[in-house]
Amino acid sequence: MSVLQANKHSGTFKSTLQKLFSRKKKELDPLDFSVLVTDMHSHLIPGIDDGVKTLDESISLIKKLQQFGYKKIITTPHIMADFYKNTPEIILGGLQKVKNRLKEENIDIEIFAAAEYYIDEDFENKLDNHQLLTFGKNYVLVELSYVYPPSNVQQVIMNLVMSGYTPILAHPERYPYWSDKFEEFQKLKDSGVLFQLNINSLTGHYSVLAQKMAHKMIDMNVFEFVATDAHRMQHLNIAEQTKTDEYLHKLFSSGKLLNNSL
Ligand SMILES: [Fe+2]
């Protein structure tokens, strides 16, 4: 008699099947994003990167973030030598226009700007010249290529830290070339880099691999920040769906998130 037949006869097989089919996904209460206080990664200054295109669009997204419960926004336009040659003047000028419009419309939310720096040669020059936009405790938000493993990242990170900055790596779960090389992430952590999760990675919005990496990293408890990285309204509509996500629940209860300290 096979094992299967033996189980059938003992009734175990039937009860196992019953358990399998009766297992329901755990229903979780919707999370309240207001506990985060601050969203610290988004693209809400119109027309200067691949984020919002108009002031109206910017205001719509800010209103939506306010509905989520955020009290403060630190928006972070791209700075990338090849594509987005933004400077502190361009970013802060754009921020002022957004702030003026918020005032006109009596929208009560704090908004600041920094940048999302792509690590390239130009970034190293800016670092050498102390021209970086920071927030919080001298935090600098940095991103890497989505395609090619960076060659000089450890050196740049070391220079940043030695210069008194604390780097935050944007969306590490979106760097697929390190999906089977988590030791690379560990090296960054050991150098003092903080990690920021994109909320929408949990939905599979970017890719199934990014979702899996996000899950694994939440299990490893490596995130200090979570953010919308909103470029357009679609991103916030997707983020809204994550409020009952079990991994986001796990992240919120990790006790490690620093969003509310900004
Ligand atoms: Fe971004």
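In case you missed it, the structure is sitting above this.
This text gives an overview of the structure that appears in the document. (Residues numbered from 1 in each chain as written. Predicted model: local features only at pLDDT ≥ 70, side-chain atom pairs only at ≥ 80, totals over all residues.)

Attention shifts here to helix α8 (residues 208-219). For α8, built from 12 residues, the straight-helix expectation of 16 Å at 1.5 Å per residue is met to within 8% by its first-to-last C-alpha distance of 17 Å. Where α8 is concerned, the buried positions are Ala210, Met213, Ala214, Met217 and Ile218. Along the axis of α8, the buried positions cluster into a sector of 135°, meaning they face one direction only. When the buried face of α8 is taken as reference, the exposed residues oriented beyond 90 degrees from it are Val208 and Asp219. Residues of α8 that are buried make contact with β8 (194-198), β9 (223-227) and α10 (246-252). Asn221 lies just past α8 and shows a positive phi near 60°. (Helix = DSSP H or I, 4+ residues; strand = E, 2+ residues; numbered from the N terminus. Expected span 1.5 Å × (residues − 1). Buried ≥ 20, exposed ≤ 12 C-beta atoms within 10 Å, placed from the backbone. Arc of directions from axis to C-beta. Contact = placed C-beta atoms within 7 Å.)

Moving on: the sheet that holds strand β4 (residues 110-113). Reading across the sheet, the three strands line up as β1-β2-β4 and stay open at both edges, with parallel pairing between neighbours. Either end of the sheet is taken by a strand with one partner, and the two such strands are β1 (38-39) and β4. Strand direction decides the pairing type here: strand β2 (residues 72-75) and β4, joined by four bridges, are parallel. If you follow Ile73 over to β4, its bridge partner there is Ile111. (Pairing = 2+ DSSP bridges.)

So, about the sheet that holds strand β6 (residues 139-143). One open sheet accounts for six strands, arranged β3-β5-β6-β7-β8-β9; its pairing is parallel. Looking along the sheet, the strands with just one partner apiece sit at the ends: β3 (78-79) and β9. As judged from the two bridges shared by β3 and strand β5 (residues 116-118), these two strands associate in the parallel manner. Paired with Ile79 across the two strands is Tyr117, which belongs to β5.

The next thing to look at is the nonpolar core. Residues Tyr117, Val140, Leu141, Ile168, Phe223 and Val226 are the most contacted members of the largest nonpolar core, which totals 63 residues. When residues in this core are grouped by element, the largest group, five residues, is from α8. Those residues in contact with Phe223, other than ones at most four positions away along the chain, are Phe195, Gln196, Leu197, Met217, Ile218, Leu251 and Lys256. (Core = buried A, V, L, I, M, F, W, Y, C linked by C-beta atoms within 7 Å.)

Residue position: Met233 is located in helix α9 (residues 233-240). Judged by C-beta crowding, with 13 C-beta atoms within 10 Å, Met233 ranks as partly exposed. Taking the C-alpha atoms as reference, Met233 lies 24 Å from Asp29; in sequence the two are 204 residues apart. Setting aside chain neighbours within four positions, we find Met233 in contact with Ser60, Leu61 and Lys64.

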